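So you can see what is in the structure, the chains are spelled out below.
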Protein chains: 2
Amino acid sequence: MNFEVTILGCGAATPTARHNPSAQVVNVHDKLFLIDCGEGTQMRLREEKFRVQRINHIFISHLHGDHCLGLVGLICSQHLLGRKGPLHLYGPPDLKEWIELSLKVSQTYLDFPLEFHANSFDGKNLIMEDKSIEVYSFPLKHRIECCGYQFVEKPRLPRIEKSSILEFDLQPSHIIALKHNQEVTLSNGTVLTPEQVCIDVAPVRSYSYCSDTMYWETLIPSIKGSNLLYHESTFLESEKERAKTTFHSTAKQAARIAAQAEVKQLLLGHFSSRYGDERQFVEEASEFFKNCTVAFEGLTIHVPY
Amino acid sequence: MNFEVTILGCGAATPTARHNPSAQVVNVHDKLFLIDCGEGTQMRLREEKFRVQRINHIFISHLHGDHCLGLVGLICSQHLLGRKGPLHLYGPPDLKEWIELSLKVSQTYLDFPLEFHANSFDGKNLIMEDKSIEVYSFPLKHRIECCGYQFVEKPRLPRIEKSSILEFDLQPSHIIALKHNQEVTLSNGTVLTPEQVCIDVAPVRSYSYCSDTMYWETLIPSIKGSNLLYHESTFLESEKERAKTTFHSTAKQAARIAAQAEVKQLLLGHFSSRYGDERQFVEEASEFFKNCTVAFEGLTIHVPY
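Novice: Explain the sheet that holds strand S14 (residues 206–210) of chain A here, please?
Specialist: Note on sheets: strands pair through backbone hydrogen bonds, and any given pair is parallel or antiparallel. Residue and element names in this part refer to chain A. Reading across the sheet, the seven strands line up as S7-S8-S9-S14-S15-S16-S17 and stay open at both edges, with mixed pairing between neighbours. What marks the edges here is a single partner per strand, and that holds for strand S7 (125–129) and strand S17 (292–294). Strand-to-strand twist across the sheet, computed as the mean angle between neighbouring axes with direction ignored, equals 20°. Where strand S9 (residues 147–153) and S14 come together, four bridges link them in antiparallel fashion. Residue pairing in the sheet places Gln150 in a bridge with Ser208 of S14. Docked against the sheet, helix H11 (residues 279–286) engages strand S16 (265–269) and S17, running at close to 165° with respect to S17.

What follows is the structure, encoded as C-alpha cells:
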C-alpha cells in the first residue's frame, strides 16, 4: 500500500526561481491529501500530474501567505471544472472568514460545500479519519498560530494465505472471524485459532509535518517515532539568532528534534531564499541525525517502514 | 521613449500548462505599471526580469480570482524585500476590504503605505497622472463590476537641435521660452520665433486594456483611436452564445470593436483553456480588423505610432 509525499514547494516566504512556496501532496493508499497551499499550487499540481478534483481534504498550517495564498485559486478552479462533492478545509479559525470574503468579493457561488474544520491549538487532536488513515493536528511555535499535522495509517487486518484457505476449506465467515482474532470451529469439528493461519501485515507508518516552527521540544511527543518527519529548516546554524527572532529553525535544530523524537527519516524544507545550495543543510543536519535528506520541487518520497 | 507592454499571463479563468492568469506590465518611459495580478504574477515578474520593487502602481480590472489572486503575495514580497515607499492600488471598492483582511489574518504589518483608489464605474475618469503619463479607467460589461484602463502619453515639449543652439548662441532661458512657444529677443536684438528652431517630437500614443468584457459598443468612445488595444477574446465565434452568457467576447467581436474604435493595432488575449492553438483567433479576427496579433506569455509589444 503506497504512502508517499510529493513536494510541490519547499521555499520560505519569498518565492524564488528555485523554490515555490509551501505545498505538498500526501498520497495514502491512493487518496490524495494536500498540506499547505502556497501561491501557484494549482499550477504545480498540474505539473506533477495530480488532478485537482482528487483533492478532498486540505490542511493549512497557518495563514502566512506562503502557506495559503493558492487556496482561493484552487477552490475556484475546482468550481469551474464542475466539482459537486464537499471540500474539507482544516486550519486556523480565521481561514473561514478569509475564504468566504475572497469568494464574496468575486461573487463566486460554489456548486459544492466547503466544510471548515477549525484547528485547536491546545494539544494533539484527531481531526480526520477514514477507514485507512487518521490525521492529527498539533501546535507548533511560530509568530502566529500554527499547527503541524500527522498522518497515521490505521492497522490493517492480518492476511490469510491461499494455501491455508484451501487446506482448511475456509468459508468467508471463517475468514472474517479469524481476521478479527476469533477462533472458529470447522465443519469437521476442528477448532482453528487465528495464530494458526493469520499472517501479520506490515506495521503502520506515520508522516509528520512541521512547518513553520522555531526549535521547540514541546512538539516532540506529538511526532514521536514517526516514520518520516518533514521539519522546516529555514536557516543554517550560522543564522540561528535570525531563526530565533523569526520563529524558524536551523538544520541543526531540525536534526536535534528528529533525533529526540526517534523518527526514522528526516526531510528538510522551507529554505530561505538566501541559500543557493541545499546540500549544506544535509551536511549540517547529518552530524546530529544520520538519515536525512533535503526536499526539492518534484521529489516524491516514500514513507519508510 | 519606450512605451511597451509585456504579457505575464493571458489565459482565462482556469490556468493551464500553456497560460497563466491575467497580468501585464506596461513600461512607459521606463516606469513600470502592472495591470491585473493573477495568481503567480510575482513569479512571472521574476521570470521576465522585472524587479518587484519597481512596481508602484497596480491596476486591477475586477475581483475575479484570475485577475487579482496574486496581489497579496506580491505585496507581501515587496514588504519582505524591504519596501518603504507607497504602493498605489486601483480597482473596485471591495479591493481594500479584501486586501486588508488578507493582511490581518496573516498578521502582516507592512512597512509601507497602501494607497487605495476605488474606481468609479460611471464613465471615463482620469485616475492617475505624472509628468509623462495619464491613466484613465472606464467601465466594461462583465458579470461583476469591471474597468478597463487606458494609458496615454502626455505631449512632450518640442526639441531644439544642437546646431540651432550654437548658431543663435541660445542660453537656457531662451531654450525654455522657445520650447514653451514663446518668442525670444537675442542679445544682438534679433527676435527668434519657436517656429524657426523648434522640431516637433513624435505624437503621443495610447494603450487601452479591455479584459474582461462582453461585446459592448458603449466602450468604443473610451478607447477611440488607441495606438494599441488589448481586447479579450475568450472564445471563438463558434462559441458566441457561451461568450454572451458568460459576459465574454469572441475574436470576431474584439475585431469589430477594434475596427469601430479605429485603433492602430489589436492584441487578443484571455483565451479559454479549451483552445490549443491561438492562431485561430487571429484568423477569425483578421477578417474584420487587419492589424491584429495574439498575446502569449513573455511577449513584449511596442505601442506603435
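Novice: In this structure, what is going on with the relation of the copies chain B and chain A? I would like to understand it.
Specialist: In this structure, two copies of a chain are linked by a rotation about an axis accompanied by a shift along it. Least-squares fitting of chain B to chain A yields an RMSD of 0.2 Å, with the superposition described by an axial translation of 0.1 Å and a rotation of 179°. Read as a symmetry element, the transformation amounts to a two-fold axis. When each C-alpha of chain B is compared by its distance to the rotation axis, Gly40 of chain B comes out closest, at 2.8 Å. A symmetric contact is evident, with 100% of the interface residues of chain B recurring at the interface of chain A.

Novice: Teacher, can you tell me more about a negative patch on the surface here?
Specialist: A cluster of acidic residues, Asp94, Glu97 and Glu145 of chain A together with Asp94, Glu97 and Glu145 of chain B, forms a negative patch on the protein surface. Within the secondary structure, Asp94 of chain A sits in helix H4 (residues 94–105). Of the residues examined, Asp94 of chain A reaches a relative accessible area of 37% and is grouped as partly exposed.

Novice: Explain the nonpolar core here, please?
Specialist: The tendency in soluble globular proteins is for nonpolar side chains to be buried side by side. Grouped together as the largest cluster of nonpolar side chains are 61 residues, with contacts concentrated most on Trp98 of chain A together with Trp98 of chain B. In this structure, Trp98 of chain A is in contact with Cys68, Leu69 and Val72 of chain A together with Trp98, Leu101, Ser102 and Val105 of chain B, ignoring residues within four places of it in sequence. One finds Ile7, Tyr207, Ile223 and Ile257 of chain B within the second-largest nonpolar core, a separate group that totals 53 residues.

Novice: Looking at this model, I keep getting lost on the side chain of Thr108 of chain A. Mind explaining?
Specialist: All names here are of chain A. Examined against the element boundaries, Thr108 turns out to sit in the loop between H4 and strand S6 (114–118). In terms of polar contacts, Thr108 uses its side chain to reach the side chain of Ser106, at 2.7 Å. With residues near it in sequence (within four places) discarded, Thr108 still touches Cys76, His79 and Leu103.

Novice: Would you explain the packing of helix H10 (residues 251–260) of chain B against helix H11 (residues 279–286) of chain B in this entry?
Specialist: All names here are of chain B. Interhelical geometry of H10 versus H11 gives an angle of 45° and a closest axis separation of 8 Å. The angle between the axes of H10 and H11 places the two elements in the oblique class. The two elements H10 and H11 meet at a crossing, and its hand is right-handed. Contacts between H10 and H11 pair Ala251, Lys252 and Ala255 from the former with Phe281, Glu284 and Ala285 from the latter.

Novice: Would you take a moment to explain unusual backbone geometry for this structure?
Specialist: Most peptide bonds take the trans form, and the phi angle of most residues other than glycine is negative. Omega for the peptide link from Ser211 of chain A to Asp212 of chain A comes to 5°, which places this bond in the cis form. Counting through the fold element by element, Asp212 of chain A comes out in the loop between S14 and helix H8 (220–223). Of note, Phe247 of chain A is a non-glycine position whose phi angle comes to about 60°, a positive value. Within the secondary structure layout, Phe247 of chain A lies in the loop between helix H9 (240–245) and helix H10 (251–260). At Glu262 of chain B, a position not held by glycine, the phi torsion is positive, near 50°. With respect to the element layout, Glu262 of chain B can be found in the loop between H10 and strand S16 (265–269).

Novice: When you look at helix H3 (residues 71–80) of chain B in this model, what are you seeing that I'm missing?
Specialist: The periodicity of an α-helix, 3.6 residues per turn, causes residues three or four places apart in sequence to face the same way. Residues and elements named next belong to chain B. In terms of burial, H3 is a largely internal element, nine of the ten residues being buried. Residues Leu71, Val72, Gly73, Leu74, Ile75, Cys76, Ser77, Gln78 and His79 constitute the buried set of H3. Immediately downstream of H3, the backbone of Gly82 shows phi near 95°, a positive value.

Novice: I keep staring at the interface of chain B and chain A and nothing clicks. Help me out?
Specialist: With 33 residues of chain B at the interface, the matching set in chain A holds 33 residues. Of the roughly 2600 Å² buried where chain B meets chain A, counting both sides, 64% is carbon and sulfur surface. Linking chain B to chain A there are zero salt bridges. Across the chain B-chain A interface, the total number found is nine residue pairs in polar contact (both at pLDDT 80 or more). Looking at the side of chain B that touches chain A element by element, the count peaks at six residues for helix H4 (residues 94–105) of chain B. Of the residues in the side of chain B that touches chain A, the class split is 14 nonpolar, 14 polar and five charged.

Novice: Would you take a moment to explain the environment of Asp169 of chain A for this structure?
Specialist: Residue and element names in this part refer to chain A. For Asp169, the position within the fold is in the loop between helix H5 (162–168) and helix H6 (172–179). A residue is classified by how much of its surface remains accessible, and Asp169, at 52% relative accessible area, is exposed. Expressed as a C-alpha distance, the spacing of Asp169 and Ser187, which sit 18 residues apart in the sequence, is 9.3 Å.

Novice: In this structure, what is going on with the pattern of salt bridges? I would like to understand it.
Specialist: Pairs can form between side chains of opposite charge once their charged atoms are near each other. All names here are of chain A. Counting across every chain of the model gives 22 salt bridges over all chains. Salt-bridge contacts for Glu48 lead to Arg44; the nearest nitrogen and oxygen are separated by 3.0 Å. Judged by its relative accessible area of 25%, Glu48 falls in the partly exposed class. If you follow the salt bridges from partner to partner, you end up with Arg44, Glu47 and Glu48 in one network.

Novice: Explain the pairing of S7 of chain A to me, please; I cannot follow it from the model alone.
Specialist: A regular strand places its side chains so that they alternate between the two faces of the sheet. Alignment of S7 of chain A against strand S8 (residues 133–139) of chain A, held across four bridges, turns out to be antiparallel. When the sheet's bridge partners are listed, Asn125 of chain A is paired in S8 of chain A with Ser137 of chain A.

Calculation notes
- Counting restarts for each chain, with residues numbered from 1 along the sequence as it is written.
- Chains and ligands are labelled sequentially in the order written, the chains with letters from A and the ligands with numbers from 1.
- Per-residue local features of the predicted model are confined to residues with pLDDT of at least 70, and side-chain atom pairs are confined, for both listing and counting, to 80 or more; whole-chain, interface and lining totals are unaffected and use all residues.
- As a convention, hydrogens and water are excluded, and side-chain values are obtained from all of the structure's heavy atoms.
- Each pair of strands is called paired provided DSSP finds at least two bridges between the two strands.
- Numbered from the N terminus, helices here are DSSP runs of H or I no shorter than four residues, and strands are runs of E no shorter than two.
- Axis definition: a line fit to C-alpha positions, over the contact stretch in the case of helices; interaxial angles, taken between N-to-C directions, run 0 to 180 degrees.
- The criterion used for residue contact is that any of the two residues' heavy atoms lie within 4.5 Å.
- Superposition of the copies used a least-squares fit over C-alpha atoms from residues whose pLDDT is at least 70 in both.
- Only residues whose relative accessible area exceeds 30% and that form no salt bridge enter a patch; like-charged residues are grouped when within 9 Å of one another, and nonpolar side chains (Val, Leu, Ile, Met, Phe, Trp, Tyr) when within 5 Å.
- The protein chains shown are the only cover counted for residues, whose accessible areas, like all others here, come from Shrake-Rupley with a 1.4 Å probe.
- Within this document, salt bridges are pairs made up of a side-chain nitrogen of Lys or Arg and a carboxyl oxygen of Asp or Glu, the two lying within 4 Å of each other.
- Charged residues are defined here as Lys and Arg on the positive side and Asp and Glu on the negative side; His and the ends of the chain fall outside this count.
- To locate a charge, take atom NZ for lysine, CZ for arginine, CG for aspartate or CD for glutamate.
- Each residue is placed in one exposure class: buried if its accessible area under a 1.4 Å probe, protein chains only, is under 20% of its type's maximum, exposed if it is over 50%, and partly exposed if it falls in between.
- For the purposes of this section, nonpolar cores are sets of buried Ala, Val, Leu, Ile, Met, Phe, Trp, Tyr and Cys residues that join through side-chain atoms within 4.5 Å.
- What qualifies as a polar contact is a pair of N or O atoms within 3.5 Å, subject to a donor-acceptor requirement within protein and to the restriction that residues adjacent in sequence count only when both atoms come from side chains.
- Each angle is binned into one of four classes, with values under 35 degrees roughly parallel, values over 145 roughly antiparallel, values of 65 to 115 roughly perpendicular, and all other values oblique.
- For any helix crossing, the convention is left-handed if the near helix is rotated counterclockwise from the far helix by under a right angle, and right-handed if that rotation is clockwise.
- Two parts placed together each lose some accessible area under a 1.4 Å probe, and adding up what both lose gives the buried area.
- We call Asp, Glu, Lys and Arg charged. Ala, Val, Leu, Ile, Met, Phe, Trp, Tyr, Cys and Pro are nonpolar, and the rest, Gly among them, are polar.

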